[in-house]
Amino acid sequence: EHAAYLEIADCVVHDVTYGIGVADGTHDFVFNRVVAHHFDLYGFDASPSGGADCYNGTFNDCSAYSGRDREQNVDGFALGHGTQHDFVFNRCVTYDVFDGFDISARNTTLNRCLAYNCWNGGYKLWQDNVRLVNCIGINSNGSNVELDWDGQPGVTTLLNCTFYNGQTDNIWVENTADTLNMYNCILAGGDNIGLSFEQMGVANYHGDYNVFH
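So, a few notes on the structure that sits alongside this text. (Residues numbered from 1 in each chain as written. Predicted model: local features only at pLDDT ≥ 70, side-chain atom pairs only at ≥ 80, totals over all residues. Heavy atoms only, no water.)

A word on the overall build of the protein. In terms of helices and strands, the protein carries zero helices and 24 strands. For the protein, whose C-alpha radius of gyration is 16 Å, the value lies close to the compact-globule estimate of 17 Å for 213 residues. Expressed as lengths along the three principal axes of its C-alpha atoms, the size of the protein is roughly 45 × 30 × 30 Å. Looking at the 213 residues of the protein, the share that counts as buried comes to 51%. Across the protein, contacts joining residues at least 24 apart in sequence account for 57% of those joining residues at least 6 apart. In the structure as shown, the protein presents an accessible area of about 9100 Å², 46% of it carried by carbon and sulfur atoms. (Helix = DSSP H or I, 4+ residues; strand = E, 2+ residues; numbered from the N terminus. Rg over C-alpha atoms; globule rule 2.2 N^0.38 Å. Buried < 20%, exposed > 50% of the residue type's maximum accessible area, 1.4 Å probe, protein only. Contact = heavy atoms within 4.5 Å. Areas by Shrake-Rupley, 256 points an atom, 1.4 Å probe, with all protein chains shown as cover.)

Right, let's get into the sheet that holds strand β17 (residues 155-159). Taken in spatial order, the nine strands of this open sheet run β1-β3-β5-β8-β11-β14-β17-β20-β23, and their pairing is parallel. Taken across any chain shown, the strands that pair with only one partner, and hence form the sheet edges, are β1 (4-9) and β23 (205-208). The mean inter-strand angle of the sheet, taken between neighbouring strand axes irrespective of direction, is 5°. Where β1 and strand β3 (residues 27-32) come together, five bridges link them in parallel fashion. (Pairing = 2+ DSSP bridges. Axes fitted to C-alpha atoms, helices over the stretch in contact; angles between N-to-C directions.)

Strand β10 (residues 99-103) sits mainly inside the fold: five of its five residues count as buried. As judged from the four bridges shared by strand β7 (residues 75-79) and β10, these two strands associate in the parallel manner. Within β10, the position partnered with Phe77 by the bridge is Phe101. Across four bridges, β10 lies against strand β13 (residues 121-125) in parallel orientation. Along β13, the bridge assignment pairs Ile103 with Leu125.

Turning to the nonpolar core, a few remarks are in order. Soluble globular proteins tend to pack their nonpolar side chains together in the buried interior. Counting residues in each nonpolar core, the largest one holds 47 residues, and the members touching the most others are Phe44, Phe59, Phe89, Phe101, Leu110, Tyr123 and Leu132. Top element by residues in this core is strand β4 (residues 35-47). It accounts for four residues. What Phe59 contacts, discounting residues up to four positions off in sequence, is Phe29, Phe31, Phe44, Phe77, Phe87, Val88, Phe89, Asn90 and Cys92. (Core = buried A, V, L, I, M, F, W, Y, C linked by side-chain atoms within 4.5 Å.)

This paragraph deals with the side chain of Asn165. With respect to the secondary-structure elements, Asn165 resides in the loop between β18 (162-164) and β19 (169-173). We classify Asn165 as buried; its relative accessible area is 17%. One polar contact links Asn165 to Asn139, side chain to side chain, over a distance of 2.6 Å. Polar contacts involving the side chain of Asn165 include one to the main-chain amide nitrogen of Gly190, which spans 3.2 Å. What Asn165 contacts, discounting residues up to four positions off in sequence, is Asn139, Ser140, Asn144, Asn170, Ala188, Gly189 and Gly190. (Polar contact = N/O pair within 3.5 Å; in protein donor to acceptor, adjacent residues only side chain to side chain.)

Before going further, it helps to examine the pattern of salt bridges. What the rule picks out here adds up to six salt bridges. Residues joined in a network through salt bridges with shared partners are Asp15, Asp40 and Arg68. (Salt bridge = Lys/Arg side-chain N within 4 Å of Asp/Glu carboxyl O.)

This is the structure:
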């Protein structure tokens with residue numbers, strides 16, 4: 001809590017209620033090659049927790065997997081609600097959790113990340129200016145990507161991504177006020193819909209060079 005300019009590297013956290021959490025205004029932190037597994041509530045979390053927003057966090061080559069309690073909304077990586085901002089995930093992996101990446105922080109980029117075998121969603125995206133670049137989502141029981149409505153219009157951009165076998169939808173958009181930009185992506189497999197809009201009258205979808213199979 002209230003921390004700044006810190007690094008955690010080459011550590012493993014396991015068999016715990018919480019993995020690693022930063023809170024109450026923690027900023028300018030880096031996690032390098034950190035693994036969290038067999039946890040009850042989250043692998044990694046950054047949230048206000050009733051205090052100030054966190055910002056400027058970077059996760060490099062981190063992994064979060066094997067939630068222990070299927071009755072909980074167990075997140076692999078979570079950025080809590082509020083006005084948090086400016087996070088980067090590089091080459092992070094999550095699986096066997098409820099939601100893989102639960103992102104409610106604006107100006108967040110995920111590069112070459114992987115979410116698979118999630119009990120609900122691979123990438124749950126709430127905030128403005130969230131970008132997925134060269135990411136993969138596979139075998140989520142709900143949707144591989146969800147654009148959830150937080151009450152404010154936001155923009156999500158998907159570039160060069162592959163989403164395969166979403167059990168309900170590969171991509172689901174809850175509210176037409178959110179904008180989805182999707183280019184050079186592949187949506188394949190799944191039991192229902194490739195790209196699903198919850199409401200009619202969609203005007204904020206912009207896409208090209210995508211494959212739906």
